[in-house]
Amino acid sequence: MSRDYIGAIDQGTTSSRFVVFDRACRVVASAQKEHKQIFPNPGWVEHDPEEIIINTGQVIRQALEQAGISGGDLAAIGVTNQRETTVAWDPKTGKAYCNAIVWQDTRTAAISDALKAKHGGELFWDKCGLPVSTYFSGTKMKWMLDNVADVRQAAKDGRLMFGTIDTWLIWRLSGGPKGGAHVTDATNASRTLLMDIAATKWDQGMLDVFGIDAAWLPEIRSSSEVYCHCDPAGPLGADTPISGILGDQQAALCGQCCFEPGQAKNTYGTGCFLLMNTGKDLVHSKHGMLTTVAYSDPVHGVHYALEGSIAVAGSLIQWLRDNLMFFNNAPEVEELARTVKDNGGVYFVPAFSGLFAPHWDNTARGLMIGLTHYVNRGHIARAALEAVAFQTWEVMRAMAEDAGKPLAELKVDGGMVENDLLMQFQSDLLSLPVSKPVIKETTVLGAAFAAGLAVGFWPDKEAVCGLVSLEKTWTPNMNEQTRNQAVNGWLRAVEKSRGWIR
């Protein structure tokens, strides 16, 4: 077998995808399939873990068939995933005990508030680099233990495994009950509220806080090494090595080749996720940023990042499409927004389930403000796009204060970077160049890089960065007075949205 290809699984919030790359980093084949979004109660978001396994198998087979190759032609595969989404399953049967609780889910608000009241917020920031929030996996695991009878019984019987989606996929792909590998990497583990961010190990104190046994959790490994091999009876049909794991936003950071301290990227997807590489420096934010693992490898160890997480970005455009029926297809939002010259004085704060960075306010709710008889659908569409850029501006301002210096450039990726109006407004607000690469889907590319570097498919980071080129750069053309007026209006609107839930 030539093994001239690398495969990567991109298991995201709305779909699963498998992409095959060649040595020149060209996409040879790609297949994608959406999975159901399950909303049992207000604020609850779930996925069917078995559906994700089935869909992942299907897209792997489809991409291999499209490429005209077999699993044995892949030097390795990497996995990138929606990070905090949590699964509990039976190691004997391989079946999940309940639906996965998705990162967006807010059912654990009471748990989060109780933990903060009992232990104080500083414990979690200092040990994990994170606030207590519904966002992270630890609160979801505790909710399952407290509220799902099968999970509670499994804990007593010693038949419980917990993991994020990367762990669930790899365990099943490598054999499941027949000896599957129960592993994760430090980027995913750093999103659980259970890992000591400095030691990159499960912290017994945190486990005690949440009532979680370390035996239920996966082994924490680096982001780029051979963890196990695929079960030949599975969708790959070969014992292909699995040698890369990165949470989706860290994967995008690596796919953008932000390997040096100070480099930053923003992914415009369902939410927005801005990461800045801080190198070996573990920076504890004073301005609402998360401290997270950027990536790790056995040779160079752990690199850290500051992250600003924005809950609602692309999903706001979907909301305009599906709930208000403003247009039929999400890309049409730009055309509608261009029917007006500005936002008409309208600001749209999409705090549908509270505000993430830098506010971390679960009491906030969405609002539109500044409405007059003059306002039409075009102004609202434009205000929605601008909301994505304003939220990014807030995060970048906080990140620059933590880092002690302004950023020089922002690298961007994700579906919304095709929106020229949004990207130009983003550059104007930041007063910085904003650049997008030729290969837009940097998340899956980062997973491929991690897997390929681990098995010598590419020799080093310099080699992979030489394969990445830019397609377009936007430069700012907004004057300072207009910029200040715009951001002051946004900050006033955000303040109005806060404290709505009491």
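That block above? That's the structure.
Treat the numbers as computed from the prediction; the structure is a model and nothing was measured. Within any chain, residue numbers begin from 1 and follow the written order of that chain's sequence. Since the coordinates come from a predicted model, pLDDT governs what is reported: local features require at least 70, and pairs of side-chain atoms require 80 or more to be given and counted, while whole-chain, interface and lining totals use all residues. Each side-chain value is worked out from all heavy atoms of the structure, with water and hydrogens disregarded.

### A closer look at the packing of helix α2 (residues 109-119) against helix α4 (residues 137-147)
Two packed helices can be described by the angle between their axes and the distance between those axes. Using the following cut-off: For helices, the fitted axis covers only the stretch in contact; all axes are lines through C-alpha atoms, and the angles between them, taken along N-to-C directions, range from 0 to 180 degrees. Only DSSP runs of H or I reaching four residues or more are called helices, and only runs of E reaching two or more are called strands; each is numbered from the N terminus. In what follows, roughly perpendicular refers to angles from 65 to 115 degrees, roughly parallel to angles under 35, roughly antiparallel to angles over 145, and oblique to any angle outside these ranges. Any two residues whose heavy atoms approach within 4.5 Å at even a single point are treated as in contact. Residue type decides the class: Asp, Glu, Lys and Arg count as charged, Ala, Val, Leu, Ile, Met, Phe, Trp, Tyr, Cys and Pro as nonpolar, and the leftover types, Gly among them, as polar.
At a closest axis distance of 10 Å, the pairing of α2 and α4 adopts a crossing angle of 110 degrees. In terms of axis orientation, α2 runs roughly perpendicular to α4. On α4, the residues that touch Ile-111, Ser-112 and Leu-115 of α2 are Thr-139, Lys-142, Trp-143 and Asp-146. Classifying every residue of the contact of α2 with α4 by side-chain character gives 3 nonpolar, 2 polar and 2 charged.

### Structural notes on the sheet that holds strand β21 (residues 410-413)
Put simply, the rule reads: Strand pairing is assigned whenever DSSP detects at least two bridges linking the two strands.
The strand order across the open sheet formed by 7 strands is β17-β18-β16-β15-β21-β22-β23, and the pairing between neighbours is mixed. Of all strands in the sheet, those with a lone pairing partner are β17 (290-297) and β23 (470-474), marking the two edges. Mean inter-strand twist for the sheet, computed between neighbouring axes without regard to direction, equals 30 degrees. The pairing of strand β16 (residues 272-279) with strand β18 (residues 301-310) spans 7 bridges and is classified as antiparallel. Note that in β18 the partner of Gly-279 across the bridge is Tyr-304.

### What to know about helix α6 (residues 165-173)
Quick note on the threshold: Throughout, exposure labels follow a simple rule: accessible area from a 1.4 Å probe, protein chains only, divided by the maximum for the residue type, with under 20% read as buried, over 50% as exposed, and the rest as partly exposed.
Judged by how many residues are buried, α6 sits mostly within the fold: 8 of 9 residues are covered. Among the residues making up α6, those that are buried are Ile-165, Asp-166, Thr-167, Trp-168, Leu-169, Ile-170, Trp-171 and Leu-173.

### Quick word on empty space enclosed by the protein
Short version of the rule: Put plainly, a pocket is an open set of points on a 1 Å grid over the protein atoms alone with protein on both sides within 12 Å along at least five of seven lines, a cavity is a set where a 1.4 Å probe fits but cannot get out, and a lining residue has an atom within 4 Å of a point. Grid points are joined across faces, edges and corners, and a volume is the space filled by probe spheres set on the points.
Inspection of every chain in the model, using the stated rule, returns 3 cavities of 30 Å³ or more. Counted as a void, the largest cavity has a volume near 70 Å³. Looking at the largest cavity, the residues that line it are Ile-310, Ala-311, Leu-355, Phe-356, Ala-357, Pro-358, His-359, Gln-391, Glu-394, Trp-490 and Val-494. Of all the elements in the fold, those that place two or more residues in the lining of the largest cavity are α12 (377-403) and α16 (480-497). Among the residues forming the lining of the largest cavity, the class breakdown is 8 nonpolar, 2 polar and 1 charged.

Everything listed here is a matter of coordinates, which is why it stays silent on function.
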